[in-house]
Amino acid sequence: VSTAVSVKRQSLDAFAAYSFQPRRFRSDRGTETVLLADTQYELRKLGDPSVQINDCYLYGRSMDNQRIEAWWAILSRASTGVFRVGNDDSTI
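In this text, all values refer to a predicted model and were calculated from it rather than measured experimentally. (Residues numbered from 1 in each chain as written. Predicted model: local features only at pLDDT ≥ 70, side-chain atom pairs only at ≥ 80, totals over all residues. Heavy atoms only, no water.)

### Some words on the side chain of Thr-39
Stage number 1. Turning to its location among the elements, Thr-39 is positioned in helix H2 (residues 34-47).
Stage number 2. Taking the relative accessible area as the measure of exposure, Thr-39 reaches 11% and is therefore buried.
Stage number 3. Polar contacts involving the side chain of Thr-39 include one to the main-chain carbonyl oxygen of Leu-35, which spans 2.8 Å.
Stage number 4. Contacts of Thr-39, omitting those with residues within four sequence positions, involve Lys-8 and Leu-12. (Helix = DSSP H or I, 4+ residues; strand = E, 2+ residues; numbered from the N terminus. Buried < 20%, exposed > 50% of the residue type's maximum accessible area, 1.4 Å probe, protein only. Polar contact = N/O pair within 3.5 Å; in protein donor to acceptor, adjacent residues only side chain to side chain. Contact = heavy atoms within 4.5 Å.)

This is the structure in structure tokens:
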């Protein structure tokens, strides 16, 4: 639940900072995106009460997220300072 709250909070902060809300989001059906989908839907309904969830939030397969998931893994290792060098177990 704390990850879902964090994702929602970061999104709302970004909307406020950039004075912009995307028309659509896309994600897999991960537990961390449940609140984001609901928030996106509720915010879009404020501007257009007839909007449907499918108009503003798209769900895809988690397999389609491999590129971004790999990027997050690299970013996570960079922030912890752990990188593999070559084929051995050396780390930086």
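Anyway, onward from the coordinates.
### As for H2
Stage number 1. The terminal C-alpha atoms of H2, which comprises 14 residues, lie 21 Å apart, in line with the 20 Å expected from a rise of 1.5 Å per residue.
Stage number 2. Of all the positions in H2, only Leu-36, Ala-37, Thr-39, Gln-40, Tyr-41 and Arg-44 are classed as buried.
Stage number 3. Buried-residue contacts for H2 involve helix H1 (2-18), strand S1 (25-27), helix H3 (53-56) and strand S2 (57-59). (Expected span 1.5 Å × (residues − 1).)

### Things to note about the pattern of salt bridges
Stage number 1. Scanning the entire structure with this criterion turns up 2 salt bridges.
Stage number 2. With a shortest N-O distance of 3.1 Å, Arg-9 and Asp-13 are connected by a salt bridge. Here the residue Arg-9 and the residue Asp-13 both occupy positions in helix H1, the gap between them amounting to 4 residues, near one helical turn.
Stage number 3. With a relative accessible area of 40%, Asp-13 lands in the partly exposed category.
Stage number 4. Note that Lys-45 and Glu-42 form a salt bridge whose closest N and O atoms lie 3.6 Å from each other. Taken as a pair, Lys-45 and Glu-42 lie in helix H2 at a separation of 3 residues, close to a single helical turn.
Stage number 5. Looking at Lys-45, the relative accessible area reads 27%, which means it is partly exposed.
Stage number 6. With relative accessibility at 37%, the residue Glu-42 sits in the partly exposed group. (Salt bridge = Lys/Arg side-chain N within 4 Å of Asp/Glu carboxyl O.)

By themselves, these are just geometric observations and shouldn't be taken as functional.
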